[in-house]
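Fold and contact review
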Amino acid sequence: MRINLPIDINTVKGFLDPIEGEALYLYAKQYVKNDPCLEIGSYCGKSSVYLGSAVKENGQKLYSIDHHKGSEEQQPGEEYFDSDLINAEGNGIDTLPFFLETIEKSKLDKFVIPIVSTSEEAYKDFTLNFDMVFIDGGHSEKAAQKDYELWSQRITKGGLLAIHDVFPNPEDGGRPPYNIYRRALESGNFKKLEMIKTLGLLKKV
Ligand code: MG
């Protein structure tokens with residue numbers, strides 16, 4: 001696929017497959033028109049570059065929520081810990097400087113708006129509706145269910161819900177993103193568009 005990204009995406013840390021990234025770009029380009037885009041889980045900004053590039057072309061914005069302290073499995077000693085990301089105190093991680101650098105280098109700072117907060121806290125003050133919501137935050141059952149419950153209500157009719165790390169086969173990965181994907185379908189409020197690798201794409205009906 002030929003998408004012109006503003007930086008070499010391979011220099012940005014993250015867990016998003018380029019094929020999934022391209023899908024995010026194309027869906028954002030198609031769906032994010034009248035209301036902005038929201039992503040939950042910024043990490044170092046990889047998905048924000050794909051989404052941000054699309055919303056920029058559409059004259060829209062991407063709000064990107066993350067407390068930037070990493071999820072459970074990214075903490076020191078855990079499976080997905082990256083020592084480059086260690087915080088100033090040396091007892092956890094801080095992804096905010098990496099995220100800001102990615103956005104700055106991509107010249108997307110007018111289009112990608114960081115919200116440094118937990119998802120739940122942001123929900124209380126932040127009352128916009130969105131043409132597209134991308135859920136890629138905490139992967140615990142509690143965090144994933146909460147993100148779905150809260151933010152799926154804020155998707156405009158005809159808008160898009162994208163969920164990352166959806167593994168239909170339990171042997172391939174954790175359950176929570178798949179569980180909220182199923183929940184969305186079973187609610188009757190969403191219909192399946194397609195699955196691209198582990199990226200589940202649903203349209204609000
Ligand atoms: Mg993910």
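To be clear, the structure that these remarks concern was listed above.
We now turn to the structure provided with this report. (Residues numbered from 1 in each chain as written. Predicted model: local features only at pLDDT ≥ 70, side-chain atom pairs only at ≥ 80, totals over all residues. Heavy atoms only, no water.)

The next subject is the overall build of the protein. The secondary structure content of the protein amounts to 6 helices and 7 strands. Taken from N to C terminus, the helices and strands of the protein fall in the order α-β-α-β-α-β-α-β-α-β-α-β-β. Viewed in the frame of its principal axes, the protein has a C-alpha envelope of about 45 × 35 × 35 Å. Residue burial in the protein is summarised as follows: out of 205 residues, 50% are buried. Taking all contacts inside the protein whose residues are at least 6 apart in sequence as the whole, residues at least 24 apart take part in 71%. A total of about 10000 Å² of accessible surface is found on the protein, and carbon and sulfur atoms cover 48% of it. Between the mean site of the 24 positive side-chain charges and the mean site of the 32 negative ones, the protein shows a separation of 9 Å. (Helix = DSSP H or I, 4+ residues; strand = E, 2+ residues; numbered from the N terminus. Buried < 20%, exposed > 50% of the residue type's maximum accessible area, 1.4 Å probe, protein only. Contact = heavy atoms within 4.5 Å. Areas by Shrake-Rupley, 256 points an atom, 1.4 Å probe, with all protein chains shown as cover. Lys, Arg positive; Asp, Glu negative; His and termini not counted. Charge placed at Lys NZ, Arg CZ, Asp CG, Glu CD.)

Attention shifts here to the side chain of D66. Within the fold, D66 resides in strand β2 (residues 62-66). Within the structure, D66 has its side chain in polar contact with the backbone nitrogen of Y43 (distance 2.9 Å). Once you skip the residues sitting within four places of it in the chain, D66 turns out to touch G41, S42, Y43, I115, V116 and S117. (Polar contact = N/O pair within 3.5 Å; in protein donor to acceptor, adjacent residues only side chain to side chain.)

Right, let's get into the sheet that holds strand β3 (residues 112-116). Taken together, 7 strands build an open sheet; the order of strands is β3-β2-β1-β4-β5-β7-β6 and the sheet is mixed. Each edge of the open sheet carries a strand with a single partner, namely β3 and β6 (190-196). Recorded for the sheet is a direction-independent mean angle of 20° between the axes of neighbouring strands. The sheet contact formed by strand β1 (residues 37-40) and β2 spans 4 bridges and is parallel. Among the inter-strand pairings, I40 is bridged to a residue of β2, identified as I65. Of the strands in this sheet, β2 and β3 are in contact with helix α3 (residues 96-105), which crosses β3 at around 170°. Along the sheet, helix α5 (residues 141-151) makes contact with β1, β2, β4 (130-135), β5 (155-163) and β6, crossing β4 at roughly 175°. (Pairing = 2+ DSSP bridges. Axes fitted to C-alpha atoms, helices over the stretch in contact; angles between N-to-C directions.)

Take the pattern of salt bridges next. Counted by the stated rule, this structure contains 8 salt bridges. Here D84 and K13 are joined by a salt bridge, their closest N and O atoms 2.7 Å apart. Remark: K13 occurs in the segment before α1 (18-31) and D84 occurs in the loop between β2 and α3; sequence separation between them is 71 residues. Residue R182 pairs with E186 through a salt bridge whose shortest N-O separation is 3.1 Å. (Salt bridge = Lys/Arg side-chain N within 4 Å of Asp/Glu carboxyl O.)

Glancing now at the packing of aromatic side chains. This structure, assessed with the given rule, holds 8 aromatic pairs. Members of the aromatic cluster, connected to one another through ring pairs, are Y63, Y123, F126, F130 and W151. (Phe/Tyr/Trp six-rings, centres within 6.5 Å; stacked < 30°, edge-to-face > 60°.)

Each protein donor to the magnesium ion is listed here as D136 (OD), H164 (ND1) and D165 (OD); together their distances run 2.2 Å. Relative accessible area serves as the criterion here: at 16%, D165 is assigned to the buried category. (Donors = N, O, S within 2.8 Å, 3.2 Å for Na, K, Ca; no water.)

With respect to burial, β5 is a largely interior element, 7 of its 9 residues being buried. Looking at chain direction, β4 and β5 are connected through 5 bridges and run parallel. Paired with I135 across the strands is I163, a residue of β5. Considered for its hand, the β-α-β crossover made up of β4, α5 and β5 is right-handed. Summarising the sheet, β5 and strand β7 (residues 199-204) pair through 4 bridges and their orientation is antiparallel. The partner of L160 across the bridge, within β7, is K203. (Right-handed = clockwise from strand over helix to strand, strands pointing away.)

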